[in-house]
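Chain by chain, the residues run as shown.
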Amino acid sequence: MKSYIWLQTVDGSIQQVEEEVAMFCPMICQEVLQTGLGSSKTYAISLPQRVNPAMLGLILDYCRFHQVPGHSNKVWNNPTFM
């Protein structure tokens with residue numbers, strides 16, 4: 001069974017993200033561990049103002065990519081590997 005973290009962007013939208021992906025981001029990990037936020041839609045982690053839904057999508061794509069063993073920035077920057 002997957003666990004999820006709830007995140008709120010600057011426009012007020014709330015997204016449910018796989019915990020293993022969300023915890024790859026240091027800011028989110030720190031919020032979960034220090035404040036206990038993110039456990040439900042009611043207690044979503046409020047992301048910094050510069051993080052809109054599109055930016056969050058890019059951040060999560062980056063986190064998902066780098067969770068795969070063997071993936072590096074060199075591969076990330078080369079579209080032939082995607």
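Source: prediction; values computed, not measured.

**Student:** What is the right way to look at the overall build of the chain in this model?
**Tutor:** Each helix and strand counted, the chain has 4 helices and 3 strands in total. Shown N-terminal to C-terminal, the secondary structure of the chain runs as helices and strands in the order β-β-α-α-β-α-α. Residues counted as buried form 27% of the 82 residues belonging to the chain. Long-range contacts, defined here as pairs at least 24 residues apart, represent 44% of the contacts in the chain between residues at least 6 apart. Summed over its atoms, the accessible surface of the chain is roughly 5600 Å², and 55% of this surface lies on carbon and sulfur atoms.

**Student:** Would you mind showing me how to read the nonpolar core here?
**Tutor:** Counting 14 residues, the largest nonpolar core has Ile 5, Leu 7, Val 17, Ile 28, Ile 45, Leu 47 and Leu 56 as the members making the most contacts within it. Top contributing element to this core by residue count: helix H3 (residues 53-67), with 3 residues. Apart from residues no more than four positions distant in its own chain, Leu 47 is found in contact with Leu 7, Gln 8, Thr 9, Met 27, Ile 28 and Leu 56.

**Student:** Help me out: how do you make sense of the pairing of strand E2 (residues 14-18) in this one?
**Tutor:** Regular strands place side chains that alternate from one sheet face to the opposite one. Two strands pair when backbone bridges link them, and strand E1 (residues 4-8) and E2 are joined in this way by 5 bridges, in the antiparallel orientation. Bridging from a neighbouring strand, Ile 5 pairs with Val 17 of E2. In sequence, E1 turns back onto E2 through a hairpin of 5 residues, with Gly 12 there showing a positive phi of about 95°.

**Student:** What is the right way to look at the pattern of salt bridges in this model?
**Tutor:** Working definition: two side chains of opposite charge can pair if their charged atoms are close together. Under the definition given, this model contains 2 salt bridges. Between Glu 18 and Arg 64 there is a salt bridge, with the nearest N and O atoms lying 3.1 Å from each other. Here Arg 64 lies in helix H3 and Glu 18 lies in strand E2, a separation of 46 residues in the sequence. The closest approach of N and O atoms between Arg 64 and Asp 61, which form a salt bridge, is 3.9 Å. A residue pair is termed a helical-turn pair when its members lie 3 or 4 positions apart in one helix, as Arg 64 and Asp 61 do in helix H3 at 3 residues.

**Student:** Even after reading the chapter, I still don't get the environment of Leu 47, so can you show me in this structure?
**Tutor:** Structurally, the position occupied by Leu 47 is in the loop between strand E3 (45-46) and H3. Assessed through its relative accessible area of 11%, Leu 47 is described here as buried.

Conventions adopted
Residues numbered from 1 in each chain as written. Predicted model: local features only at pLDDT ≥ 70, side-chain atom pairs only at ≥ 80, totals over all residues. Heavy atoms only, no water. Helix = DSSP H or I, 4+ residues; strand = E, 2+ residues; numbered from the N terminus. Buried < 20%, exposed > 50% of the residue type's maximum accessible area, 1.4 Å probe, protein only. Contact = heavy atoms within 4.5 Å. Areas by Shrake-Rupley, 256 points an atom, 1.4 Å probe, with all protein chains shown as cover. Core = buried A, V, L, I, M, F, W, Y, C linked by side-chain atoms within 4.5 Å. Pairing = 2+ DSSP bridges. Salt bridge = Lys/Arg side-chain N within 4 Å of Asp/Glu carboxyl O.

Shape descriptors only; they carry no functional weight alone.
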